[in-house]
Amino acid sequence: MTPLQRPAARPLPQIFAIPIVLGVVSAIGLAAALVGDDMWDAIGWIGLGIPLAVTAWYARPK
Amino acid sequence: MHAKTIRRWSWVHKWSSLVCTAFMLLLCITGLPLIFHEEIDDHLHESVPAAQVPAGTPTANLDRVVAAGMAHAPGEYPQFLIWDRDDPNVVFLSVAKAPDAPSENNRALRIDAHTAQFLDAPDMFGHLTYYLFKLHVDLFAGLPGKLFLGFMGLLFVVAIISGVVLYAPSMRKLDFGTVRNKRSRLIRWLDLHNLLGAVTIVWATVVGFTGVINTWADLVLKMWQYGQLTEMVGPFKGAPIPQRMVSVHQAVETATAKLPDMTPSFIAYPGTAFTSTAHYAVFMRGNTPLTSRLLQPVLIDARDGSFTDTRTMPWYVQTLLLSQPLHFGDYGGMPLKIIWALLDVITIVVLGSGLYLWLARRNPVRKTAPASVATSAKATAS
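Given the structure is predicted, the values throughout are model-derived calculations rather than measurements. (Residues numbered from 1 in each chain as written. Chains lettered and ligands numbered in written order. Predicted model: local features only at pLDDT ≥ 70, side-chain atom pairs only at ≥ 80, totals over all residues. Heavy atoms only, no water.)

1. Some remarks on the overall build of chain B
Part 1 of the argument: In terms of regular secondary structure, chain B is built from twelve helices and eight strands.
Part 2 of the argument: The C-alpha extent of chain B, read off along each of the three principal axes, is 85 × 45 × 35 Å.
Part 3 of the argument: Among the 382 residues that make up chain B, the fraction classed as buried is 46%.
Part 4 of the argument: Put simply, 62% of the contacts in chain B that link residues at least 6 apart link residues at least 24 apart. (Helix = DSSP H or I, 4+ residues; strand = E, 2+ residues; numbered from the N terminus. Buried < 20%, exposed > 50% of the residue type's maximum accessible area, 1.4 Å probe, protein only. Contact = heavy atoms within 4.5 Å.)

Below, the structure written as structure tokens:
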């Protein structure tokens, strides 16, 4: 049996830290690909690719 | 957060999601192949390729282009002449039974932009992508269908916002991305729902809301017709459609001379929804990636070819025009399309898991509870 230890509740900034970073990165990606080509498109791919990579990492079969 | 506040937001999240989920699933599933509609059409349907010419080859006189098309459309009338954004060698001519007939059922003719040779008249209405497109845009129900789907999109945005609020109490004791694989199926899917929802908040909100804006396209066009277009047309309002029209090539040259820093995107013929009964409207686009999405109409008197007016389009049209690429994901090459598709699939999983969580929680006593107790007991034992 694992000991029934209640983990401490996290403050809001901690809960939302990663979602906010991913949101900002996504928004930069969405906008960058729109304002330019070539390098700007690449920024777009990276910006929207990061949330995908994060998803793949956490949802990977364990 | 107070338990009462959480309950209220749960109620908002549950009902906004439940009402829109079936339609959002339809939109995500039909939208997935539509991201690649050009590639699918190219693959499924033969089309006559335009002549490959060296860069800098001058384009043919537009009057010859139109004549080549109209030779294959006896008894019909040109309504729009459209430059293919993705293939500068091709010009589309959109024809209808009457100059002022509604344009939804127009035939499209493809013409070589350099040789002015007629290429083919693809049967768009027989294409798989056409059915997917109609389902996606208006459920084959015209404006009411569009507005209905737009309302579902608004509910989807409400579901995202309430989901963000509920994310806080749900993740109070968990690290970001925790997926409790060893607990019950319900808990595992709750964790996945939270993870996949959290990473797609911004993308899903942007694609969802720009989709809503796109459902208002018909209304935006009407607003523009009654507003700016009427002002620009002035005393020409209600003039008959001219029997003999001036050269369309000349009209484009006049428009290009007025806006030398822009490129023609399409021409609306007199009598169509995008211009008056007396004018060619040459819609010019900018030359940077961003401004190439924005349009500026130049009205040319179709009887004598003289310039009437040009104005920057109002904010509500610009908003619609900019919301299009942000919804379609067609502005960053194939990699962006693939990213769009993957994010769309994630959204499908968020919708599906949300539905599953609702169903599983509805009958918690009879089946889920003993099962989950059993699984967690097994997990602890192993």
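2. What to know about the packing of aromatic side chains
All names here are of chain B.
Part 1 of the argument: Counting across every chain of the model gives 16 aromatic pairs over all chains.
Part 2 of the argument: Taking 6.4 Å as the distance between ring centres and 65° as the angle between the ring planes, the aromatic pair formed by phenylalanine 80 and phenylalanine 266 counts as edge-to-face. Here phenylalanine 266 lies in strand β5 (residues 263-268) and phenylalanine 80 lies in strand β1 (residues 77-83), a separation of 186 residues in the sequence. Judged on exposure class, the residue phenylalanine 80 and its partner phenylalanine 266 are both buried.
Part 3 of the argument: The interplanar angle of 80° and the centroid separation of 5.6 Å between the aromatic rings of tryptophan 203 and tryptophan 340 together place this pair among those described as edge-to-face. (Phe/Tyr/Trp six-rings, centres within 6.5 Å; stacked < 30°, edge-to-face > 60°.)

3. Let's talk about the pairing of β1(B)
Regular strands show a simple pattern: their side chains alternate between the two faces of the sheet.
Residue and element names in this part refer to chain B.
Part 1 of the argument: Pairing between β1 and strand β2 (residues 90-96): six bridges, direction antiparallel. By the bridge assignment, leucine 81 is partnered in β2 with leucine 93.
Part 2 of the argument: Remark: six residues form the turn of the hairpin made by β1 and β2, two consecutive strands paired antiparallel. (Pairing = 2+ DSSP bridges.)

4. Comments concerning the side chain of Ser276(B)
Residues and elements named next belong to chain B.
Part 1 of the argument: Structurally, serine 276 can be placed in the loop between β5 and β6 (279-285).
Part 2 of the argument: Polar contacts involving the side chain of serine 276 include one to the main-chain amide nitrogen of alanine 278, which spans 2.9 Å.
Part 3 of the argument: Those residues in contact with serine 276 that lie beyond four places of it in its chain are Leu229, Val233, Pro270 and Gly271. (Polar contact = N/O pair within 3.5 Å; in protein donor to acceptor, adjacent residues only side chain to side chain.)

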